[in-house]
Amino acid sequence: MALIQVNDLYKIFGPNPKRAIPMINKGISKGEILKKTGCTIAINGATFAIERKETFVVMGLSGSGKSTFIRCLNRLIEPTAGEILIDGEDVMKMDQDKLREVRRYKMSMVFQNFGLLPHRNVVGNVEFGLEISNMDKEERRKKALDAIKLVGLDGFEESLTSELSGGMQQRVGLARALANDPEILLMDEAFSALDPLIRTQMQDELLELQARLHKTIVFITHDLDEALKLGDRIAILGPDGRVRQIGTPEEILAQPADEYVKRFVQNVDRTRVITAATVGGRAATITYPREDLQAAIRAMERNKTSSVFVTDADRHLKGIVTIDAAVALQKKGEKDLASIIKNDVYTTSPSTPISDLLATAIATGYPIAMIDDNGHFQGAVSRAAIIAEVNKGYEGSDTEMPQTLSDLQDALQDGE
Amino acid sequence: MDFRTFIDIGGSFETIVTWLRNNMGWLFSIISDTVNGMLGVSRWVLQTPPTFVMIAIFTAIAWFLASKGVAIFTLIGFSLIWYMGLWTLTMSTLALVFSSVVIALLLGVPMGIWSAKSDKVWNIMRPTLDFMQTLPAFVYLIPAVLFFRLGPVPGVIATLVFSLPPAVRLTNLGIRQVPKEIKEAALSFGCTNKQMLLKAELPVALPTIMAGINQTIMLALSMVVIAGMIGAGGLGNEVLRGITQLRIDVGFEGGIAIVILAIFLDRVTQALGTASRKRTEG
Ligand SMILES: Nc1ncnc2c1ncn2[C@@H]1O[C@H](COP(=O)(O)OP(=O)(O)OP(=O)(O)O)[C@@H](O)[C@H]1O
Ligand SMILES: [Mg+2]
């Protein structure tokens, strides 16, 4: 079961909002409904599931209802209709006491402009949520200090928040949310108010934190690059408050669901999203020392490649053997591969975006080996595959591609 | 035809006042006793210690809360008051101001909070406050005297009516100005209404509320002479004696003492306000 299940959620601002729902269903446009009833449609029948421990990004342009959506999850804004199930329990049916409990222990929120209390210092802000839930002084101080360490603010515990830079203030906001140790983090454009450089840094740190803490994160942004970088899955909201597409970053780039999403993603640098694992694949290997020269040559012939990777019995990469070296060794009449295993082969993690691999791919003569966190060989990416993928991104775009001299000459002649 | 016999505004007001006086006497005597009690205690606290001890205490307050400059001013100014022989009267005026301000805040701050929480309340409160502030002070001296007779109690009540509005207004303003995201943040962590008020709204609004308290004190002080007309005593009496007996020296000395007291109170409460603002805005 998904952790958060949203079913047919509507939020309509204005007088007597429920009467707008039948009009929406009849297909009357947002603008016309506003004119007729004075109601603004912010969320228009959203349905989706957010899984445990995933980072779910909701992205859309200004006014598409992102902030409204995330505030419906903890009912800072009362939804008009629909269902929001968290662990199977409908948030919309909860009374005030139960709702307060959910806000205190289950989910915490991080705000665009931080929302810090100016009369409290850093640690005072971080322990705010724990204080609200009546935890005793010593325990909450200890938890607050832990959270401060987690976001790298140690040494600033006693500082006033107004003395901190934007990035540091948002760390306080993040620490305040983490101090409660909630299962769910709600982040509404948490990095949008920061300078680009600081912003990138905070994104990296969030990814790092998430790799350690495994929270379920609902992250709101209007920036597609941010969405692609942080999101395990992304929901794209259209200007009408409707969900246009939900999918992994690669799915959204590869198969945009409609024209709106397509226009949205066309300017994205695909190479920063498509990973080595996507373009790479299995590669021929032999196991050393169990297999010998003969096995290596056979493997290359079978796969029609000019090189083969060598691993040990645990699939740890030992190096690469090329067909030239193998043939030369055969002529000398030797059988042991040790002397021709080369270890100047490049390695990468399967999740590295291909933009980071391009320069290496052009420089090296071998495929690039993919190795996972445990050092196990996972396959390889050939340089041809990387270059082909990069080129795909330029198809149909306005970018001016280089042409051969003969083409130019032909074109000139045609023009005369 | 004389419309005044038809709708007699002044007459109706008089009728109401008379009715209140005849039927609500018990209420007025409770109020009167309470105010008298407060006045008695404040006077006792201010007038019992030897004068030089009190001057030292005021100087220390100015030193710690405001600045060295204000402390020096306080030392010289209060010594001057002592030298002019106005010490006891000044302390009795301070007791009157203190009592009315305490009551004004006890009433005004909650009224301000209530106004901030409800537009309906504020829509009634605002014209009421306007009325209280613009009605000439002399006019409500009359019912004050009718209800409480002559003496310091109607003085406190009149001062209270006149100085209450800024406490309400600025509390209301301060709370309404708390940024939306701060309130949302507090709510999102599961605040109850009470926690919201005590841990988020009031502390964030404090600098503005302090400005209201400062204004309340200044307005209270400005009522001293008028309150003197109904026998509130203190420095107001001294100034009035100067006026009625055409004694420039007496009136001037009383006036100077009021000014010194005003500057002391203003600087100290402003310093309190700045301190809370600094904490809030950096
Ligand atoms: N309290 C409100 N009353 C009336 N309309 C509202 C209210 N809050 C939001 N709206 C409207 O609902 C729509 C969605 O607003 P929302 O703030 O959720 O957008 P957003 O995607 O967060 O935009 P932004 O990127 O500007 O933050 C907008 O058309 C907005 O004008
Ligand atoms: Mg928003």
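Before reading on, note that the structure itself is shown above.
All of the points below concern the structure found in this document. Please read these numbers as outputs of a predicted model, since none were measured by experiment.

### Some remarks on the overall build of chain A
Piece 1. Of the regular secondary structure elements, chain A holds 18 helices and 16 strands.
Piece 2. Since a compact globule built from 416 residues should have a radius of gyration of about 22 Å, the 27 Å found for chain A marks it as more spread out than a globular shape.
Piece 3. C-alpha atoms of chain A, sized along the principal axes, occupy 85 × 70 × 40 Å.
Piece 4. Out of the 416 residues in chain A, the part that is buried amounts to 48%.
Piece 5. As displayed, chain A has an accessible area near 20,400 Å², and 48% of this comes from carbon and sulfur atoms.
Piece 6. Taking the 51 positively charged and 60 negatively charged side chains of chain A as two groups, their mean positions are separated by 5 Å.

### Some remarks on the overall build of chain B
Piece 1. Looking only at helices and strands, chain B has 14 helices and zero strands in total.
Piece 2. Starting at the N terminus and walking to the C terminus, you meet the elements of chain B as α-α-α-α-α-α-α-α-α-α-α-α-α-α.
Piece 3. Oriented by its inertia axes, the alpha-carbon framework of chain B measures out at about 65 × 65 × 35 Å.
Piece 4. Counting only residues that meet the buried cut, chain B has 49% of its 282 residues in that class.
Piece 5. Considering only intrachain contacts with a sequence separation of at least 6, the fraction spanning at least 24 residues in chain B is 78%.
Piece 6. When the accessible surface of chain B is summed, it comes to about 14,400 Å², and 70% of that surface belongs to carbon and sulfur atoms.
Piece 7. Positive and negative side-chain charges of chain B, numbering 20 and 14 respectively, have mean locations separated by a distance of 7 Å.

### Examining the site of ligand 1
All names here are of chain A.
Piece 1. Residues in close proximity to ligand 1 include Phe13, Thr40, Ala42, Leu61, Ser62, Gly63, Ser64, Gly65, Lys66, Ser67, Thr68 and Glu189, which together make up its full environment.
Piece 2. Between Ser64 and ligand 1, the recorded distance is 3.2 Å, taken from a backbone N or O atom to an oxygen atom.
Piece 3. The contact in question runs from an oxygen atom of ligand 1 to an N or O atom on the side chain of Glu189, over 3.3 Å.
Piece 4. Burial of ligand 1 by the protein chains amounts to 59% of its free accessible area of 640 Å².
Piece 5. Here the shell around ligand 1 takes three residues from helix H3 (residues 66-73), the largest share from any one element.
Piece 6. Classifying every residue of the shell around ligand 1 by side-chain character gives three nonpolar, seven polar and two charged.

### Some points on the nonpolar core
Piece 1. Counting residues in hydrophobic clusters, the biggest one holds 46 residues, and the most contacted among them are Val126, Met187 and Phe219 of chain A.
Piece 2. Look past the residues within four positions of Val126 of chain A in its chain and what remains in contact with it is Ala144, Ala147, Ile148, Val172, Ala175, Arg176 and Ala179 of chain A.
Piece 3. Counting 40 residues, the second-largest nonpolar core is a separate cluster that includes Phe58, Ala62, Ala71 and Leu261 of chain B.

### A word on the pattern of salt bridges
Side chains that differ in sign of charge can pair as their charged atoms come close.
Residues and elements named next belong to chain A.
Piece 1. Per the counting criterion, the structure on display carries 34 salt bridges over all chains.
Piece 2. Of the charged contacts, one joins Glu183 and Arg52 as a salt bridge, the two residues approaching to 3.2 Å between their closest N and O atoms. Here Glu183, found in the loop between helix H8 (166-179) and strand S7 (184-188), pairs with Arg52, found in the loop between strand S2 (40-50) and strand S3 (55-59); they are 131 residues apart in sequence, far enough to count as distant.
Piece 3. Owing to a relative accessible area of 38%, Arg52 belongs among the partly exposed residues under this scheme.
Piece 4. The salt bridge involving Asp258 is made with Arg244; its shortest N-O contact spans 3.1 Å.

### Quick word on the packing of helix H4 (residues 51-65) of chain B against helix H6 (residues 87-117) of chain B
Residue and element names in this part refer to chain B.
Piece 1. Packing of H4 against H6 leaves a shortest axis separation of 12 Å and a crossing angle of 50 degrees. Viewed along their axes, H4 and H6 adopt a mutual orientation that is oblique. The handedness of the crossing between H4 and H6 comes out as left-handed. Where H4 abuts H6, its residues Thr51, Met54, Ile55 and Phe58 lie against Trp87, Met91 and Leu94.
Piece 2. Of the residues in the contact of H4 with H6, the class split is six nonpolar, one polar and no charged.

### Points about the packing of aromatic side chains
Remark: the centre distance and the inter-plane angle together describe each pair of aromatic rings, the angle taken between the planes.
Piece 1. A full pass over the atoms with the stated rule returns 14 aromatic pairs over all chains.
Piece 2. With centroids separated by 5.5 Å and ring planes inclined at 90 degrees, the aromatic side chains of Phe28 of chain B and Phe148 of chain B adopt a geometry described as edge-to-face. One end of the pair, Phe28 of chain B, is in helix H3 (residues 25-47); the other, Phe148 of chain B, is in helix H8 (residues 137-148), and 120 residues separate them in sequence.
Piece 3. The exposure class assigned to Phe148 of chain B is buried, which follows from its relative accessible area of 11%.
Piece 4. Here the aromatic residues Phe58, Phe78, Trp87 and Phe264 of chain B are joined through ring pairs into a cluster of three or more.
Piece 5. We note Lys11 of chain A situated over the ring of Phe13 of chain A; from NZ or CZ to the ring centre the distance is 5.0 Å.
Piece 6. One residue, Arg244 of chain A, lies across the ring of Tyr260 of chain A, its end atom 5.0 Å from the ring centre.

### Regarding a nonpolar patch on the surface
Residues and elements named next belong to chain B.
Piece 1. A cluster of nonpolar side chains, Ile57, Ile61, Trp63, Phe64, Leu65 and Leu272, forms an exposed patch at the surface whose accessible area comes to about 590 Å².
Piece 2. With five residues, the top contributor of residues to the nonpolar patch is H4.
Piece 3. With respect to the helices, strands and loops of the structure, Leu272 is situated in helix H14 (residues 248-281).
Piece 4. Relative accessible area serves as the criterion here: at 36%, Leu272 is assigned to the partly exposed category.

### Here we look at the packing of helix H2 (residues 9-23) of chain B against H3 of chain B
All names here are of chain B.
Piece 1. The interhelical angle for the contact between H2 and H3, taken along N-to-C directions, is 80 degrees, at an axis separation of 5 Å. Classified by the interaxial angle, the pair formed by H2 and H3 is roughly perpendicular. Here H2 contributes Leu20, Arg21 and Asn23 to the contact with H3, which in turn contributes Gly25, Trp26 and Phe28.
Piece 2. Partitioning the contact of H2 with H3 into residue classes produces three nonpolar, two polar and one charged.

About the cut-offs
For every chain, the first residue of its written sequence is number 1, and the numbers climb from 1 along that sequence. Chain labels run from A onward and ligand labels from 1 onward, assigned in the order the entries are written. pLDDT decides what is reported in this predicted model: residues at 70 or higher carry local features, side-chain atom pairs at 80 or more are listed and counted, and totals for whole chains, interfaces and linings draw on all residues regardless. As a convention, hydrogens and water are excluded, and side-chain values are obtained from all of the structure's heavy atoms. The helix and strand labels rest on DSSP assignments: H or I over at least four residues marks a helix, E over at least two residues marks a strand, and numbering proceeds from the N terminus. Here the radius of gyration uses the C-alpha set of atoms, whereas the globule reference equals 2.2 Å times the residue count to the power 0.38. Throughout, exposure labels follow a simple rule: accessible area from a 1.4 Å probe, protein chains only, divided by the maximum for the residue type, with under 20% read as buried, over 50% as exposed, and the rest as partly exposed. In short, Shrake-Rupley with a 1.4 Å probe defines the accessible areas, and a residue's cover is counted only from the protein chains shown. Positive charges come from Lys and Arg alone, negative charges from Asp and Glu alone, with His and the N- and C-terminal ends not counted. Think of each charge as sitting on NZ of Lys, CZ of Arg, CG of Asp or CD of Glu. Contacts are assigned to residue pairs with any non-hydrogen atoms lying within 4.5 Å of each other. A cutoff of 4 Å decides nearness: a residue is near a molecule or strand if any of its heavy atoms lies inside that distance of it. As used in this structure description, the phrase polar contact means that two N or O atoms lie within 3.5 Å; if the pair is within protein, one of them must be able to donate a hydrogen and the other to accept it, and residues adjacent in sequence are counted only when both atoms belong to side chains. Any residue outside Ala, Val, Leu, Ile, Met, Phe, Trp, Tyr, Cys, Pro, Asp, Glu, Lys and Arg is labelled polar, Gly included; the first ten of those are nonpolar and the last four are charged. To define a nonpolar core, start from buried Ala, Val, Leu, Ile, Met, Phe, Trp, Tyr and Cys residues and group those joined through side-chain atoms within 4.5 Å. Criterion for a salt bridge: a side-chain nitrogen of Lys or Arg within 4 Å of a carboxyl oxygen of Asp or Glu. Axis lines are fitted to C-alpha atoms, over the contacting stretch for helices. Their N-to-C directions set the angle, which ranges from 0 to 180 degrees. Small angles under 35 degrees read as roughly parallel and large ones over 145 as roughly antiparallel, with 65 to 115 read as roughly perpendicular and the rest as oblique. Crossings are assigned a handedness: left-handed for a near helix turned anticlockwise from the far helix by less than a right angle, right-handed for a clockwise turn. The rule is short: rings of Phe, Tyr and Trp, with Trp giving its six-membered ring, pair when the centres are within 6.5 Å, and they are stacked under 30 degrees, edge-to-face over 60, tilted in between. In this scheme, the term charge over a ring applies when either NZ of a lysine or CZ of an arginine sits within 6 Å of the ring centre and within 35 degrees of the ring normal. Patch membership requires more than 30% relative accessible area and the absence of a salt bridge. Residues of like charge join within 9 Å; the nonpolar side chains Val, Leu, Ile, Met, Phe, Trp and Tyr join within 5 Å.

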